[in-house]
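What the coordinates show
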Amino acid sequence: MKKRNWIALSLVAIMTATMLSGCGAGETGSAETAEAAVTEATESTEAAEEGTSSDAEGGVLRVGMECAYPPFNWTQDEATTPDGSKAVKIYGSDYYAYGYDVAVAQKLADELGMELEIHKVEWSSIGISMDAGDYDCIIAGMGRTAEREMSYSFTEPYYYRDNCIVVKKDGPYANVKGLSELNGTGCKLTTQLGTGWIPLLDQVEGAVTGSNYETTSECFMAVSNGVADVCIIDLPTAQSALLTNDDLMIITFDENDTFTGDEEMVNVCIATKKNDTELRDKLQGAMDAIGWNDKAAMDELMSTVIGQQPAAE
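Right, let's walk through the structure included here.

Conventions used here
- Residues numbered from 1 in each chain as written.
- Predicted model: local features only at pLDDT ≥ 70, side-chain atom pairs only at ≥ 80, totals over all residues.
- Heavy atoms only, no water.
- Helix = DSSP H or I, 4+ residues; strand = E, 2+ residues; numbered from the N terminus.
- Buried < 20%, exposed > 50% of the residue type's maximum accessible area, 1.4 Å probe, protein only.
- Contact = heavy atoms within 4.5 Å.
- Areas by Shrake-Rupley, 256 points an atom, 1.4 Å probe, with all protein chains shown as cover.
- Pairing = 2+ DSSP bridges.
- Salt bridge = Lys/Arg side-chain N within 4 Å of Asp/Glu carboxyl O.
- Phe/Tyr/Trp six-rings, centres within 6.5 Å; stacked < 30°, edge-to-face > 60°.
- Axes fitted to C-alpha atoms, helices over the stretch in contact; angles between N-to-C directions.
- Parallel < 35°, antiparallel > 145°, perpendicular 65-115°, else oblique.
- Nonpolar A, V, L, I, M, F, W, Y, C, P; charged D, E, K, R; others polar.

**Observations concerning the overall build of the chain**
- What the chain contains, in helices and strands, is 9 helices and 14 strands.
- By residue count, 46% of the 313 residues in the chain fall in the buried class.
- Restricting the contact set of the chain to residue pairs at least 6 apart, pairs at least 24 apart contribute 70%.
- Working note: accessible area of the chain is about 15300 Å², and carbon and sulfur atoms make up 49% of it.

Laid out in structure tokens, this is it:
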């Protein structure tokens, strides 16, 4: 309603200004000019009112991500990766973003004929910033959980990941094979704040919990420094961390002795605003068009980007 009122006032102002400025041009010229101005303003109004709830119109796909969650996304100085892949300039920054999320986002933007714009944001405010209109969607290694589906709309997965734990190579948990072996040990657990791994902490009986961190790199540092014994995380992120933390090791639990309810974090999906199903469907259509539902292709791309991150050099 406010938009319509503003438009109406604008039309009146245009007509008035045009008629006043036409004093030396003759009545016919003034009328024609005024009519043209009103027509132009009306067309602009109709175009604006026909717009979707997404801000992705105009050929720009604005994507929010941490740019600090390798191998899904990271920040780098160079415009290209070692294999020549093109990184994307971070909006409002002199740095560039790359990683699995960026590579997939670029594929989708290309399919849609749109320009890709990457916005760097803290994980703790990634949903709030999207709802505020800072960007149109989240492509940031986000797991589709029942809780998140209450606030966002999701595409089908653009990646499927396995969960694991990370411990010190020479620590007391290096030989653990199953979840039950951690029970009763009093081990100190950690994971990233605001993630679907938080509920898994309570599945280790007698564990010490509560010291979780904003970034995964802080989680791995905590294990390296002995502040924590075990980090619950996804496998690609753990593999990425081991490139620069040779004192750590990855353990994948036996399928008969592992976490329950962690299936939600397996599905990594694109999130849009809850009511922006048009953009969600548009992105899903692009995924379908390029056949981005093949796990083998997803794993191949993930393997490639892990080798392209700065830590791999």
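**Details of the sheet that holds strand β6 (residues 137-138)**
- Spatial ordering of the open sheet is given by β5-β1-β6-β14-β7, a layout of 5 strands whose pairing is mixed. Among the strands making up the open sheet, the edge pair consists of β5 (115-120) and β7 (152-154).

**Some remarks on helix α6 (residues 216-224)**
- Every buried residue of α6 is accounted for by Thr 216, Cys 219, Phe 220, Ala 222, Val 223 and Ser 224.
- Each element contacted by the buried residues of α6 is listed here: β9 (163-168), β10 (189-190), β11 (230-234), α7 (235-241) and β12 (248-251).
- Gly 226 occupies a position one or two residues after α6 and carries a positive phi of about 80°.

**Some thoughts on the sheet that holds strand β2 (residues 74-76)**
- Spatially, β2-β4-β3 is the arrangement adopted by the 3 strands of the open sheet, whose pairing is antiparallel. Every other strand in the sheet has two partners, leaving β2 and β3 (88-89) as the edge strands with one partner each.
- Here 3 bridges tie β2 to strand β4 (residues 96-98), and the two strands are oriented antiparallel to one another. Across the sheet, the residue bridging to Trp 74 is Tyr 98, located in β4.

**Points about the pattern of salt bridges**
- In this structure the tally under the stated criterion is 4 salt bridges.
- A salt bridge links Glu 156 to Arg 144, with the shortest nitrogen-to-oxygen separation between them at 3.9 Å. Of the two residues, Glu 156 sits in the loop between β7 and β8 (159-160) while Arg 144 sits in the loop between β6 and α5 (146-149), which places them 12 residues apart along the sequence.
- Residue Glu 156 is classed as partly exposed on the basis of its relative accessible area of 46%.

**A few points about the packing of aromatic side chains**
- Taken as a whole and assessed by the stated rule, the structure comprises 8 aromatic pairs.
- Plain terms: the ring middles of Phe 72 and Tyr 159 are 5.8 Å apart, the flat faces sit at 80° to each other, and that makes the pair edge-to-face. Of this pair, Phe 72 sits in the loop between β1 (60-65) and β2 while Tyr 159 sits in strand β8, placing them 87 residues apart in sequence.
- Here Tyr 159 falls in the buried class, since its relative accessible area comes to 5%.
- Taken together, a centroid distance of 5.8 Å and an interplanar angle of 75° make the contact between Trp 74 and Tyr 98 edge-to-face. Here the residue Trp 74 occupies a position in strand β2, and Tyr 98 occupies one in strand β4, the gap between them amounting to 24 residues.
- We classify Tyr 98 as buried; its relative accessible area is 7%.
- Three or more aromatic residues link up through ring pairs in this structure, and these residues are Tyr 69, Phe 72, Tyr 100, Tyr 158 and Tyr 159.

**Regarding the environment of Thr 209**
- By secondary structure assignment, the location of Thr 209 is in the loop between β10 and α6.
- When the C-alpha atoms of Thr 209 and Thr 190 are compared, they prove to be 6.7 Å apart, with 19 residues separating the residues in sequence.

**Points about the packing of helix α3 (residues 100-112) against helix α8 (residues 277-289)**
- Contact geometry for α3 and α8: axes closest at 9 Å, N-to-C directions at 95°. It follows that α3 is roughly perpendicular to α8 by the angle criterion. Contacts between α3 and α8 involve Leu 108, Glu 111 and Leu 112 on the former and, on the latter, Lys 282, Leu 283, Ala 286, Met 287 and Ala 289.
- Here the residues of the contact of α3 with α8 sort into 6 nonpolar, no polar and 2 charged.

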